[in-house]
Amino acid sequence: MITEPNDFQSRLRVLLGLQGAVLTDEEMSHTADCYAKCPGKEHWDVREYARRTGLGAREYRVVRGSSTEDVYRSAERVRANAVGSALNELESQDRSGDAPKLVLPVEP
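Now for a quick tour of the structure. Since the model is a prediction, treat every value here as computed from it, not as a measurement.

Our next topic: the packing of aromatic side chains. Enumeration over the complete set of coordinates arrives at two aromatic pairs. Arranged with centres 4.5 Å apart and planes meeting at 25 degrees, the rings of Phe-8 and Tyr-35 form a pair that is stacked. Remark: Tyr-35 occurs in helix H2 (residues 25-36) and Phe-8 occurs in helix H1 (residues 8-18); sequence separation between them is 27 residues. Classification of Phe-8 by relative accessible area gives buried; the value is 18%. Both rings, one in Tyr-35 and one in Trp-44, keep their centres 5.9 Å apart while their planes meet at 35 degrees; by these two values the pair is tilted. Just as Tyr-35 is buried, Trp-44 falls in that class too. One aromatic cluster is present, formed by Phe-8, Tyr-35 and Trp-44 through successive ring pairs. One residue, Arg-61, lies across the ring of Tyr-49, its end atom 4.2 Å from the ring centre.

Between H1 and H2, the shortest axis-to-axis distance is 10 Å and the interhelical angle comes to 120 degrees. It follows from the interaxial angle that H1 and H2 lie oblique. The handedness of the crossing between H1 and H2 is right-handed. Contacts from Phe-8, Gln-9, Leu-12, Arg-13 and Leu-16 in H1 reach Asp-25, Met-28, Ser-29, Thr-31, Ala-32 and Tyr-35 in H2. The class makeup of the residues in the contact of H1 with H2 is six nonpolar, three polar and two charged.

Moving on, we get to the nonpolar core. Membership of the largest hydrophobic core comes to 22 residues, with the highest contact counts inside it found for Leu-12, Leu-16, Val-62, Val-71 and Leu-87. Counting residues per element, the ones that place at least two in this core are H1, H2, strand E3 (58-64), strand E4 (70-74) and helix H3 (77-96). Once residues within four sequence positions are removed from consideration, Val-62 is found in contact with Trp-44, Asp-45, Val-46, Glu-69, Asp-70, Val-71, Tyr-72, Ala-80, Val-83, Gly-84 and Leu-87.

Attention shifts here to H3. Since the α-helix advances by 3.6 residues per turn, residues separated by three or four positions end up pointing in the same direction. Taking 1.5 Å of rise per residue, 20 residues should cover 28 Å, and H3 covers 28 Å from first to last C-alpha, within 8% of that figure. Taken residue by residue, H3 has Arg-79, Ala-80, Ala-82, Val-83, Gly-84, Ala-86, Leu-87, Asn-88, Leu-90, Glu-91 and Gln-93 as its buried positions. Each element contacted by the buried residues of H3 is listed here: H1, H2, strand E2 (44-50), E3 and E4.

With that settled, consider the sheet that holds E2. Strand order across the open sheet formed by three strands is E2-E3-E4, with antiparallel pairing between neighbours. Looking at strand neighbours, the two that pair on one side only are E2 and E4, the edges of this open sheet. Pairwise comparison of adjacent strand axes, ignoring direction, gives a mean angle of 25 degrees for this sheet. The sheet contact formed by E2 and E3 spans seven bridges and is antiparallel. Within E3, the position partnered with Ala-50 by the bridge is Arg-58. In the packing of H3 onto the sheet, contacts are made with E2, E3 and E4, and the angle to E2 comes to roughly 155 degrees.

What counts, and where the lines are drawn
- For every chain, the first residue of the written sequence is number 1, and numbering continues from 1 along that sequence.
- Totals for whole chains, interfaces and linings use every residue, but because this is a predicted model, local features are given only for residues with pLDDT of at least 70 and side-chain atom pairs only at 80 or more, for both listing and counting.
- As a convention, hydrogens and water are excluded, and side-chain values are obtained from all of the structure's heavy atoms.
- In this scheme Phe, Tyr and Trp rings, the latter by its six-membered ring, pair at centre separations within 6.5 Å, and the angle between planes marks the pair as stacked below 30 degrees, edge-to-face above 60, and tilted otherwise.
- We count a stretch as a helix when DSSP gives it H or I for four or more residues in a row; a strand needs E for two or more, and each element gets its number in order from the N terminus.
- Summary of the burial criterion: residues with accessible area below 20% of their type's maximum are buried, those above 50% are exposed, and those between are partly exposed, where the area comes from a 1.4 Å probe applied to protein chains only.
- In this analysis the charged atom, NZ for Lys or CZ for Arg, is taken to sit over a ring once it is within 6 Å of the ring centre and within 35 degrees of the ring normal.
- With axes taken as lines fitted to C-alpha atoms, and helix axes fitted only over the stretch in contact, angles between N-to-C directions fall between 0 and 180 degrees.
- Any angle between 65 and 115 degrees counts as roughly perpendicular, while under 35 counts as roughly parallel, over 145 as roughly antiparallel, and the rest as oblique.
- A clockwise turn of the near helix away from the far one marks a right-handed crossing, whereas an anticlockwise turn of less than a right angle marks a left-handed crossing.
- Only heavy atoms matter for contacts: two residues are in contact if any of them lie within 4.5 Å across the pair.
- Put simply, Ala, Val, Leu, Ile, Met, Phe, Trp, Tyr, Cys and Pro go in the nonpolar bin, Asp, Glu, Lys and Arg in the charged bin, and everything else, Gly too, in the polar bin.
- What is meant by a nonpolar core is a set of buried Ala, Val, Leu, Ile, Met, Phe, Trp, Tyr and Cys residues, joined one to another through side-chain atoms within 4.5 Å.
- What a helix should span is 1.5 Å times the count of its residues minus one.
- Two strands pair under a simple rule: DSSP has to find at least two bridges between them.

Scope: geometric values only; no functional claims are made or implied.
In structure tokens form, the structure reads like this:
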């Protein structure tokens, strides 16, 4: 069975999986909620911030353009980069109308 992955979270999970990244259900839900509040056409970037807790601790936030609103935060740059790349790819697919098909296993 082939189904169109038009659900934002499903499509994002697939793109993250291709990069070897997995978000928890809570992280995915938070990202989806924040994404809806961050319209625009600029690319998603990762910015580094000093965290409020822990000396020298860093936090990586996925933001769009010059906005300070983020859709994802992580203490790991690799995870934040994966989310930013996946969001850029998702939007690129939407613009080109070239979203891949999601193949789901058929249960007997």
